[in-house]
Amino acid sequence: MHAPEVNPLHSTNNDVRESETAPIAGSGLKIFRRFGSILGSNVPNPSGTSDGYVEFGISDDRSTKTLGTFAGVFSPVSLSMFSALLFIRVGFLVGNAGLYTVLLQFVIAYLILLFTVASVCAISTNGAVEGGGVYFMISRTLGLEFGGSIGTLFFLANVVGCALAISGCVEGIVENLGPGGYYGDEAGLIPDGKWWRFLLCTLVNTLMLIVCLVGASMFAKIVAGIWVIVVACLCSTYISFLVQTVITVTIPEENQLVRNQSNPVPVYVNYTGLSVDTLKSNLYENYTSDYTSGGKEVNFAIVFGVLFSGVTGIMAGANMSGELKSPSRSIPIGTLSAVAFTFICYLLLSVLISSTTPRFLLQNDFLFLMPINIWPGFVAVGILTATFSTGLSNLIGSSRVLEALAKDKVYGRILNVVTYGTWKGNPVAAVFISWALVECILIIGSLNIIAQINSVLFMLSYMATNLACLGIELTGAPNFRPSFKFFSWHTCFVGLIGTLIMMFVINPIYASLSIIMCLVLVIGLHIFSSTSQGHQWGSISQALMFHQVRKYLLMLDSRKDHVKFWRPQMLLLVSNPRTCCPLIDFVNDLKKGGLYVLGHVKVGDFSQFESNTDPTVDEYKDWLTLIDHMKVKAFAEITMAKSIREGIQHLIRISGIGAMKPNTIVLGFYDEEVSRDFFESETSPYQTNAFNEGGHRLFPIRRQNDPKPLSPREYVAIIGDVLRMKKNICLCRHFDRMDKLLVHRSNHIKYIDVWPINVFDPKNDNPFDVVSMFMMQLGCIINMLPSWKRLHMRVFLCESDDIDTSSVNSIQFEKPAEYKLNQMLKLLRISATIHQIPEWSKNEEIMRNSGALQQFTNIPEYDSVSVTDENKNRSKLYMQRVNQMLRERSDQTAAIFIYLPKPPRIDSPNWTETSVQYLELLTELTADLPPTVLVHGVSAVISTNL
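Reading the values: the criteria
Residues numbered from 1 in each chain as written. Predicted model: local features only at pLDDT ≥ 70, side-chain atom pairs only at ≥ 80, totals over all residues. Heavy atoms only, no water. Helix = DSSP H or I, 4+ residues; strand = E, 2+ residues; numbered from the N terminus. Buried < 20%, exposed > 50% of the residue type's maximum accessible area, 1.4 Å probe, protein only. Contact = heavy atoms within 4.5 Å. Salt bridge = Lys/Arg side-chain N within 4 Å of Asp/Glu carboxyl O. Pairing = 2+ DSSP bridges. Axes fitted to C-alpha atoms, helices over the stretch in contact; angles between N-to-C directions. Patch = residues over 30% accessible without salt bridge, like charges linked within 9 Å, V, L, I, M, F, W, Y side chains within 5 Å. Areas by Shrake-Rupley, 256 points an atom, 1.4 Å probe, with all protein chains shown as cover. Core = buried A, V, L, I, M, F, W, Y, C linked by side-chain atoms within 4.5 Å. Disulfide = S-S within 2.5 Å. pLDDT = per-residue confidence, 0-100. Phe/Tyr/Trp six-rings, centres within 6.5 Å; stacked < 30°, edge-to-face > 60°. Parallel < 35°, antiparallel > 145°, perpendicular 65-115°, else oblique. Left-handed = near helix turned anticlockwise from the far one by under 90°. Nonpolar A, V, L, I, M, F, W, Y, C, P; charged D, E, K, R; others polar. Expected span 1.5 Å × (residues − 1). Bend = angle between axes of the 7 residues up to and from the residue. Right-handed = clockwise from strand over helix to strand, strands pointing away.

Undergrad: Outline the overall build of the protein chain, listing residues and values.
TA: Helices and strands together make up the secondary structure of the protein chain, namely 32 helices and 16 strands. Relative to its full complement of 946 residues, the protein chain shows a buried share of 57%.

Undergrad: Would you mind going over the side chain of Thr 616 in detail, with residue names and values included?
TA: Relative to the helices and strands, Thr 616 is located in helix 23 (residues 615-630). Residues contacting Thr 616, with those up to four places away along its chain left out, are Lys 602, Ile 638, Thr 639 and Met 640.

Undergrad: Can you lay out the pattern of salt bridges for me, pointing to particular residues and giving the numbers?
TA: Enumeration over the complete set of coordinates arrives at 17 salt bridges. Note that Asp 290 and Arg 89 form a salt bridge whose closest N and O atoms lie 3.8 Å from each other. Of this pair, Asp 290 sits in strand 3 (residues 289-290) while Arg 89 sits in the loop between helix 2 (85-88) and helix 3 (90-124), and the two are 201 residues apart along the sequence. With respect to class, Asp 290 is no different from Arg 89; both count as buried. In this structure, the salt-bridge partner of Glu 673 is Arg 733, at a minimum N-O distance of 3.1 Å. Placement of Glu 673 in the loop between strand 8 (664-668) and strand 9 (692-693) and of Arg 733 in strand 11 (residues 728-733) is noted, with a sequence separation of 60 residues between them.

Undergrad: Residues and numbers for the sheet that holds strand 7 (residues 635-641), please.
TA: The 10 strands lie next to each other as 7-6-5-8-11-16-15-12-13-14, forming an open sheet whose pairing is mixed. Two strands lie at the open edges of the sheet, namely strand 7 and strand 14 (833-837), each paired on one side alone. Mean inter-strand twist for the sheet, computed between neighbouring axes without regard to direction, equals 25 degrees. Note that strand 5 (residues 570-573) and strand 6 (residues 596-603) share 4 bridges and pair parallel. Across the sheet, residue Leu 572 finds its bridge partner in strand 6, namely Leu 598. Relative to strand 7, helix 23 is tilted by about 150 degrees, and along the sheet it contacts strand 6 and strand 7.

Undergrad: Which residues make up a nonpolar patch on the surface, and what values go with them?
TA: Together, Ile 229, Ile 239, Leu 242, Val 243, Leu 274, Ile 374, Trp 375 and Val 381 make up an exposed nonpolar region whose accessible area comes to about 720 Å². Counting residues per element, the nonpolar patch draws most heavily on helix 7 (residues 216-243), which supplies 4 residues. Secondary-structure assignment places Ile 239 in helix 7. Since its relative accessible area comes to 43%, Ile 239 is described here as partly exposed.

Undergrad: An account of the nonpolar core is needed here, citing residue identities and associated values.
TA: Among the nonpolar cores identified, the biggest contains 152 residues, and Leu 93, Ile 166, Val 311 and Tyr 346 are the most heavily contacted of them. In terms of residue count, the dominant contributor to this core is helix 3 (17 residues). Excluding residues within four positions of it along the chain, Leu 93 makes contact with Leu 85, Gly 98, Val 102, Phe 106, Val 303, Val 306 and Leu 307. Counting 65 residues, the second-largest nonpolar core is a separate cluster that includes Phe 678, Phe 679, Met 738 and Ala 832.

Undergrad: Lay out the state of the cysteines in plain terms, naming residues and giving numbers.
TA: Within this structure, the stated rule accounts for 0 disulfides. Residue Cys 233 stays outside any disulfide, its sulfur separated by 9.3 Å from that of Cys 235, the closest cysteine.

Undergrad: Run through unusual backbone geometry, naming residues and quoting values.
TA: Even without being a glycine, Lys 631 presents a positive backbone phi close to 55 degrees. As for its placement among the helices and strands, Lys 631 is situated in the loop between helix 23 and strand 7. By relative accessible area, Lys 631 is classed as exposed at 73%. Despite not being glycine, Phe 699 shows a phi value in the positive range, around 55 degrees. Structurally, the position occupied by Phe 699 is in the loop between strand 10 (696-697) and helix 25 (712-724). When its relative accessible area of 10% is taken as the criterion, Phe 699 is described as buried.

Undergrad: Tell me about the confidence of the model for the protein chain, residues and numbers included.
TA: In the predicted model, the protein chain carries a mean pLDDT of 80, and the fraction of residues at 70 or more is 83%. Contacts from residues 1-62, a stretch scored under 50 in pLDDT, to residues over four places away or in other chains number 414 contacts.

Undergrad: Got a sec to walk through the packing of aromatic side chains? Specific residues and values, please.
TA: Enumeration according to the criterion identifies 30 aromatic pairs in this entry. Between Phe 74 and Phe 341 the ring centres are 5.8 Å apart and the planes differ by 50 degrees, which places this aromatic pair in the tilted class. Taken together, the residues Phe 74 in helix 1 (residues 69-82) and Phe 341 in helix 11 (residues 327-356) connect sequence positions 267 residues apart. In this structure Phe 341 comes out as partly exposed when scored by relative accessible area, which is 24%.

Undergrad: Can you break down the environment of Thr 499 residue by residue, with the values?
TA: Following the sequence through the fold, Thr 499 ends up in helix 18 (residues 489-506). The sequence separation of Thr 499 and Phe 458 amounts to 41 residues, and the corresponding C-alpha distance is 9.6 Å. For Thr 499, the residues in contact, after removing those within four places along its chain, are Ile 112, Thr 116, Met 459, Tyr 462, Met 463 and Asn 466.

Undergrad: Give a description of the environment of Glu 145 that names residues and reports values.
TA: Structurally, Glu 145 can be placed in helix 5 (residues 144-177). Glu 145 gets classed as buried once you look at its relative accessible area, which sits at 19%.

Undergrad: Got a sec to walk through the environment of Val 574? Specific residues and values, please.
TA: As for its placement among the helices and strands, Val 574 is situated in the loop between strand 5 and helix 22 (581-590). Its relative accessible area of 0% is what places Val 574 among the buried residues.

Undergrad: Outline the packing of helix 31 (residues 869-888) against helix 32 (residues 911-925), listing residues and values.
TA: As a packed pair, helix 31 and helix 32 sit with axes 8 Å apart at the nearest point and diverge in direction by 25 degrees. One way to sum up the angle between helix 31 and helix 32 is to call them roughly parallel. Handedness of the helix 31/helix 32 crossing: right-handed. Contact residues: helix 31 offers Asn 871, Lys 872, Ser 875, Lys 876, Met 879, Gln 880, Val 882, Asn 883 and Leu 886, while helix 32 offers Glu 913, Gln 917, Leu 921, Glu 924 and Leu 925. Of the residues assigned to the contact of helix 31 with helix 32, the class counts are 5 nonpolar, 5 polar and 4 charged.

Undergrad: Give a detailed account of helix 1, specifying residues and quantitative values.
TA: With 14 residues, helix 1 should reach 20 Å at 1.5 Å per residue; the first-to-last C-alpha distance of 18 Å fits that figure. The largest bend in helix 1 comes to about 25 degrees, at Ser 75, with the proline Pro 76 one to four residues further on. Taken across its 14 residues, helix 1 has 14 buried, putting it largely inside the fold.

Undergrad: I'd love a proper account of the pairing of strand 13 (residues 792-798), names of residues and values included.
TA: Here strand 13 lies mainly inside the structure; 6 of its 7 residues are buried. Bridge count between strand 12 (residues 751-755) and strand 13: 4 bridges; the pairing is parallel. Counterpart to Ile 752 in the pairing with strand 13 is Met 793.

Undergrad: Account for the side chain of Thr 465, naming residues and giving values.
TA: Mapped onto the elements of the fold, Thr 465 is located in helix 17 (residues 448-475). The exposure class assigned to Thr 465 is buried, which follows from its relative accessible area of 1%. In contact with Thr 465, not counting residues within four places along its chain, are Ser 119, Val 120, Ile 123, Val 134, Ile 138 and Met 315.

Undergrad: Please give an account of the pairing of strand 5 that cites residues and values.
TA: Here strand 5 shows two buried faces, one formed by Met 570 and Leu 572 and the other by Leu 571 and Leu 573. Between strand 5 and its parallel partner strand 6, the chain crosses via helix 22, and the hand of that crossover is right-handed. Judged from the 3 bridges that link them, strand 5 and strand 8 form a sheet pairing that is parallel. The residue bridging Leu 571 from the neighbouring strand is Ile 665, located in strand 8.

Undergrad: Can you lay out the packing of helix 1 against helix 7 for me, pointing to particular residues and giving the numbers?
TA: The interhelical angle for the contact between helix 1 and helix 7, taken along N-to-C directions, is 45 degrees, at an axis separation of 9 Å. With respect to helix 7, the axis of helix 1 lies oblique. Where helix 1 crosses over helix 7, the two elements pack in a sense that is left-handed. Facing Phe 70, Ala 71, Phe 74, Ser 75, Pro 76, Ser 78, Leu 79 and Phe 82 of helix 1, the residues of helix 7 in contact are Ala 220, Val 223, Ala 224, Ile 226, Trp 227, Val 230 and Leu 234.

Structure below.
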C-alpha cells in the first residue's frame, strides 16, 4: 500500500375546527349519552397562497384563491369556536362553576387563545402562507421533522374530528326524528339502530364529500350560510331569555341520577325567566355529578377543560390559507374579529342563563335551551348546522393537510397518489382518502375517548405554533418582520405555557401520549426522510443554534484558558481528500471533542479571474459534502493564495473564531510514493460515486508525471512557519495503510508506540520536555477511544550509561530517566509501559554517526557548519539504523508517535541545503513503518494539579 499524495495541504392555513367540548353531540335530549362530557374538535386546511386585494365576503374570482375575509376566515372561526358548546354546554358550565367562575374561566381561556392568535397572525403576516395552514407555518419555521410530525397528528385529528361531528349530527337527527324523538311519535319518522345510524353517517359524510369535491368556493358559501343560520338561532335564544316567563321543564329520562328505573316518575323543574334571586343563586360554585358520564364528580378542572376545548377553533381561518386571496390580511382580521365576536356572545349567554335558569335545571338538563325557546326547532337546527359545519371544515381541512404533506414529500413517494390526484387545484385524491378514513372511524362506533384525544392533538398544534413564533422571535432574525405588530415573546410564551397546561387539564394521559407520539414521529422523520426539502425551507433550529453559539463564543475567553482543560484543536491541511481519507478519519479521532478544521489552499491569483464569483465558493459545497460522506465532526476552510505556503499562513491565522482557534496543525508527509484513490477503490471503506458528476471527477488526483505544486524547501519552510506561529505540528505518513476495522478486531495489532527521543540529539536528560509530554498526551487520547482502547501504549527511551545503577545509593543522587518517567506517568494518569533501548547508547556506530547531525540542533554556533558528503552519508546511515530499530519493535503497532526535531532555521547560511537534507533524513527515519505521526509541541498540554 502506498502513502497518500502529499502537500502540506494534504496532510493530508388550515381551518382548525377545534375542540368542541364534547364529541359534538346532536340535538336531542339524549345527545350526550354516547359522547361523555368533553366535546371533540375539528379543523380544516387548504393549499396555496398569494397576496392581493381582499374584500370582506366571497370573491367572484374564478382562480383557486377565491375566498375573502368573511367567508374564508371569520365564518369558519366563529362556527368552530361556537360548535356544539354554544347550545349544549354553557348551562353545564354555569350550573357547576357559577357565573363568577365561568366569566373568569372565559377570560383566562380567551387570553390564552388571544396570545396564540397573535402568534398565528405574526407568522402568517411574515411572508406568503400556502396550503396546509398550521402544518405549513410550523414546518416552514421549526423545520421538516417537527412540522411533518405535527402535520401528521393534525391530519389524524381532523379525520377523527370529522367523524365525531358527523356522529353528533346524526345523533341529533335520530334523537329528534327517530322513535320517541322530540318531533316524532313512538314509531318515529326514521328508524333507529346501529347500522341505520351508520347509514345516516355515511349519507352525511358523502354530502360533505360532494361539497369538498365541488371546491372551496362551495365550502365557503355553505359555511357562510350556516353562520347566518347559527347566529339567527342564537338570537332566538337571547330573545327567549328576555320574553319567556315561568315554564315547566321535564328532566330527561337519560338522567339516571334524578330519574332511576325503580322510580320512573317524571321530574319537573320550573324555568323562572329573568329573576334577581335566580341570578344570586347562580353566582358561586356548586359542583355536582355529571349525569352524562355516569355520575362522575365535576370540579374546576373538568369545567375549564370542557370550556376550553370547546372554544379552540382559532385555526379555522389559517387552515383555509390556500384558498384565501390575501392570507396575510384576511387571517389576522378575520381571526381576531371572530374571537372578539364569540367572546361577547359567550359572556352574554352566560349572564342571561345565570339570570333566568335555576341551578338544578342547569345541572340536570344540558338541553334546556330547547323547551324554553320561543320555537324549540331553532336550537335543534342550530346544533345540527353547527356540527355539520364542523365536520365539513374538518374534512376539507384534513384533505388540505394531506395534500401539503404529499407535496412536501414528507413521507417520500408514499403519498404520490395525492399529488397526482389533483383537479383544477382541488386535491380530489386527498379528499377521497380523508373521506374513506372518516368512514373507517365511523365503523368503530365508540368515539367519546377519541374526542378527548382529538382535543389534545389540536392543543398540541397550537402549542407548536406558539413555540415556532417564540423561537423565531428570540433569534432576532432580521427577516422576521411581520406586518402584525401586536405580539412579543411574552405573548408567545404565555400562549405556549397556557396550551401546554390545558392539554394536561383536558386529559394528562392523552396529553403525554400525544407528546410521545409527536417525538417518535420527529425522530422517525429525522432518520428516514430526505432533508433536501427541509433545507430549502430553512429551520429555526439553525437560527437558534447560531444565536446561542454566538453568545457562548463571546463568553469564551482565550485569556482564561487553563492547561487542565486543554484539548487538541486540529487544523488538517488537505491537498486532495481522495488520497487521505484514513488520515481525515484518524485526526477526527485524535481531536477529542475539540475543534476540527479541514483546510485547503487553492493556488491562484484572485485578481486574474474573469468570473464575477470567487472560485472557492462553489468548491466549498463539495467540501461540506466530503465532511458528510466521511462522517467527521469538522468544518471546512478554503482560501486562495499565490502560493501554498502563503495560503497555509492564512489558514492558520483565520481558521476558527474567537477562542476556538486551532492549536495543532496536521500535514501529510512529503514523499514520492504513489497515491491511492480511496473513493474509487472497491476495497476501500470510503468508496463512493458522490464525487463523480457526469464524467467529471471532483478533487482530481495529480498525475504521476505532473510536477508537484510544492517543493521540498517550501515544505520545510512551512514546518518552520507553523512553529514560529506558536502552533503544535504533526507530520503524518503511511496513513494510507491504516485500517480502523483491522485495528479494532485484529489480535495481531496490540500497541500504540511513543518515541519521545529527539533522534537528531538522542539524550535522556529531560524526557519531560514540552514535546515529549505533547506526544504522550496524543497517544493517551487516541488510546481512550473505543476502537483503540484495547491497545496498549508503550513509551521508548534510549538507555543511558551515565549513571552507575549498580550502586544502591546512586539513585538518591540522580534517579534514572526510566524511574522518573514512570513516576510522571503515574502522576499524569497515563497507562503505559516504558522500554529502554540499550543499542542506542551502547552502539558505537550509532553514536558516532549521530554526531554528524550538529547542523540540525538549532544551536547558533553550528549554523555555519558546512554540509559535507561525509556528513550526509553518516547522517543517512544513522537514520537507517534508527529506522531499523523502529521497524524491529513495530511489527504489532497500530500507530507510532515520533519526536519531530525542529527544522533548520530559515535564516541560517546553509538553509537551502540543510532544509532538503532535513526532509531526506525524516524520510529515511519513517521508511516502511506503520502509520506514523512526527510530533513537535510548543506549549504545555498536561497538568498534574487537581
